[in-house]
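Report on the structure
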Amino acid sequence: MGSSVEQNILVTGGAGFIGTHTVVQLLKEGFKVSIIDNLDNSVIEAVDRVRELVGPDLSKKLEFNLGDLRNKGDIEKLFAKQRFDAVIHFAGLKAVGESVGNPRRYFDNNLVGTINLYETMAKYNCKKMVFSSSATVYGQPEKIPCMEDFELKAMNPYGRTKLFLEEIARDIQKAEPEWRIVLLRYFNPVGAHESGRIGEDPKGIPNNLMPYIQQVAVGRQPELNVYGHDYPTKDGSAVRDYIHVMDLADGHIAALKKLFADPEIGCIAYNLGTGRGTSVLEMVAAFEKASGKKIPIKLCGRRSGDATAVYASTERAEKELGWKAKYGVEEMCRDQWNWANNNPWGYQKKL
Ligand SMILES: NC(=O)c1ccc[n+]([C@@H]2O[C@H](COP(=O)([O-])OP(=O)(O)OC[C@H]3O[C@@H](n4cnc5c(N)ncnc54)[C@H](O)[C@@H]3O)[C@@H](O)[C@H]2O)c1
Ligand SMILES: O=c1ccn([C@@H]2O[C@H](COP(=O)(O)OP(=O)(O)O[C@H]3O[C@H](CO)[C@H](O)[C@H](O)[C@H]3O)[C@@H](O)[C@H]2O)c(=O)[nH]1
């Protein structure tokens, strides 16, 4: 199982939703992990639970550093004291609506933070990077499934940061061919670790579908607004490619292994999705079945900027990374409910 030589991975944003799940898998695979996170959208309790999940021995290989990527000195401190073999870069802001109202915050955090990271990596000759991109770079795709070589476009400032950061990665690698960069375009990450100990815990009222459904199920919200019921889809609601966060975590391990194994990889994008589309109403029904709870819904108008149907072509990831999603919507809802039921207020003890 474990890697033959113990490789040391810097995980930015490792206290967050996808970060915590990936760190669990990295430690189990035998990697050493250093997290840097400013806890802007996460809590230290999440990292404590990662430690609890992997046990005391593997926990010794996990280090948490409070730091902000916008502050180059915070990154520099880490690189000055240890060698990193690669970086998995999750840290970033991700709320579409907030990015429309406050684009400078998004450009500062996501762009400046990432540029600081590249500068420091280059200085210390660490030139392997796995970057969190998003299906948002496909905009409103003209065709589905989305293939990695489709034309890219951004629909909002958040999406623009992902698009710019993809372009920046391609430019850096072109100018300095020794860089190896994998851009992972996540579709819609949902679910939680099967233990129910870690999961998604958004601050404030959730924007995304599954955290919202989860809060309705535990009584924190009265009903779900279904945005759009007149789309040209099977039931009129919009279709997305939901992917279990543990599958996503394993996708990062596969990407990392590819980075280490393939000197010719250059800078390449991979979709991480299941290749299957599920409508909002189908997701509600699946969650009701998994939880045994009724989710009251209100049919509303479309949410501005939403695409009708988006799902991934998974061919490239399957062929080149040897990775394929294992879980379906049933397991996603089962694990999301297990997390919600055990932690109705997320990582908070009580409100
Ligand atoms: N969850 C999704 O739906 C989704 C979809 C596509 C892409 N992504 C991308 O994946 C990445 C991880 O997403 P997530 O869902 O785990 O989000 P998250 O908010 O749970 O995790 C991001 C983490 O980064 C930290 N962070 C933010 N800015 C930072 C900075 N300047 N310095 C240090 N730490 C900082 C936050 O505190 C948080 O712990 C993000 O880049 C996001 O844009 C997420
Ligand atoms: O309360 C809600 C929330 C969402 N939806 C609907 O559920 C679907 C999924 O919405 P999400 O907000 O969960 O996800 P999106 O597909 O809109 O976007 C998410 O996934 C994208 C990748 O595909 C980007 O990464 C983006 O940043 C991220 O928010 C959409 O049709 C949306 O209108 C509702 O009906 N009610």
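Residues numbered from 1 in each chain as written. Chains lettered and ligands numbered in written order. Predicted model: local features only at pLDDT ≥ 70, side-chain atom pairs only at ≥ 80, totals over all residues. Heavy atoms only, no water.

Note the cut-off: UniProt positions are given in the numbering used here, feature names are shortened, and annotations may be inferred rather than shown by experiment.
As recorded in an unreviewed UniProt entry, the protein goes by the name UDP-glucose 4-epimerase, listed as coming from Microthlaspi erraticum. In its Pathway (unreviewed entry) section, UniProt records this for the protein: "Carbohydrate metabolism; galactose metabolism." A UniProt comment under Cofactor (unreviewed entry) is attached to the protein, and it reads "NAD(+)".

1. What to know about the overall build of the protein
Definition in use: Numbering goes from the N terminus for both helices and strands, where a helix is a DSSP run of H or I of at least four residues and a strand is a run of E of at least two. Just to be clear, the radius of gyration here is over C-alpha atoms, and the globule rule we use is 2.2 Å times residues to the power 0.38. When accessible area is computed with a 1.4 Å probe and restricted to protein chains, residues below 20% of their type maximum are described as buried, those above 50% as exposed, and intermediate ones as partly exposed. What makes two residues a contact is simply this: any of their non-hydrogen atoms within 4.5 Å. In summary, the charge assignment counts Lys and Arg as positive and Asp and Glu as negative, without counting His or the chain termini. Every charge is mapped to an atom, namely NZ of Lys, CZ of Arg, CG of Asp or CD of Glu.
Counting its secondary structure elements, the protein contains 11 helices and 13 strands. Taking 20 Å as the expected radius of gyration for a compact globule of 351 residues, we find that the protein reaches 19 Å, a close match to that expectation. When its C-alpha atoms are laid out on the principal axes, the protein stretches across 55 × 45 × 40 Å. Per-residue burial for the protein yields a buried fraction of 56% across its 351 residues. Sequence-distant contacts, at least 24 apart, represent 81% of the contacts inside the protein between residues at least 6 apart. Both charge centroids of the protein, one from 46 positive and one from 45 negative side chains, sit 2 Å from each other.

2. Topic: unusual backbone geometry
The peptide bond linking I144 to P145 adopts the cis configuration, its omega dihedral lying at -5°. Within the secondary structure, P145 is located in the loop between β5 (128-134) and α6 (157-175). The residue L39 is not glycine, and still its phi comes out positive at about 60°. Relative to the helices and strands, L39 is located in the loop between β2 (32-37) and α2 (44-59). Relative accessible area serves as the criterion here: at 22%, L39 is assigned to the partly exposed category. In this structure, N125 is a non-glycine residue whose phi angle is positive, near 55°. For N125, the location among the structural elements is in the loop between α5 (103-123) and β5. For N125, a relative accessible area of 52% corresponds to the exposed category.

3. Details of the pattern of salt bridges
As a reminder, the rule being used: By definition, a salt bridge exists where a carboxyl oxygen of Asp or Glu is found within 4 Å of a side-chain nitrogen of Lys or Arg.
Applying the stated criterion to the full structure yields 27 salt bridges. R70 is the partner of D108 in a salt bridge, and the nearest nitrogen-oxygen pair spans 3.8 Å. Here R70 lies in the loop between β3 (62-66) and α3 (72-81) and D108 lies in helix α5, a separation of 38 residues in the sequence.

4. A word on helix α8 (residues 245-261)
Convention followed: How far a helix is expected to stretch is found by multiplying one less than its residue total by 1.5 Å.
Between its first and last C-alpha atoms α8 spans 24 Å; for 17 residues at 1.5 Å apiece the expected length is 24 Å, and the two agree. Within α8, 14 of the 17 residues are buried, leaving the element largely enclosed by the surrounding structure.

5. As for empty space enclosed by the protein
This is how the line gets drawn: Here a cavity denotes a set of grid points, spaced 1 Å apart and computed over the protein atoms alone, in which a 1.4 Å probe fits but from which it cannot get out, and a pocket denotes an open set meeting protein on both sides within 12 Å along at least five of seven lines; residues with an atom within 4 Å of a point are reported as lining. Grid points are joined across faces, edges and corners, and a volume is the space filled by probe spheres set on the points. Under this grouping Gly is polar, as are all residues other than the nonpolar Ala, Val, Leu, Ile, Met, Phe, Trp, Tyr, Cys and Pro and the charged Asp, Glu, Lys and Arg.
This model, assessed by the stated rule, comprises 1 cavity of 30 Å³ or more. A volume near 40 Å³ is recorded for the largest cavity. Forming the walls of the largest cavity are E200, D201, P202, P211, Q214, Q215, R220 and G346. Classifying every residue of the lining of the largest cavity gives 2 nonpolar, 3 polar and 3 charged.

6. Let's talk about helix α11 (residues 329-342)
Taking 1.5 Å of rise per residue, 14 residues should cover 20 Å, and α11 covers 20 Å from first to last C-alpha, within 8% of that figure. Every buried residue of α11 is accounted for by M332, C333, D335, Q336, W337, W339 and A340. Along its buried surface, α11 packs onto α2, β7 (188-190), α7 (209-217), β10 (242-244) and α9 (280-291).

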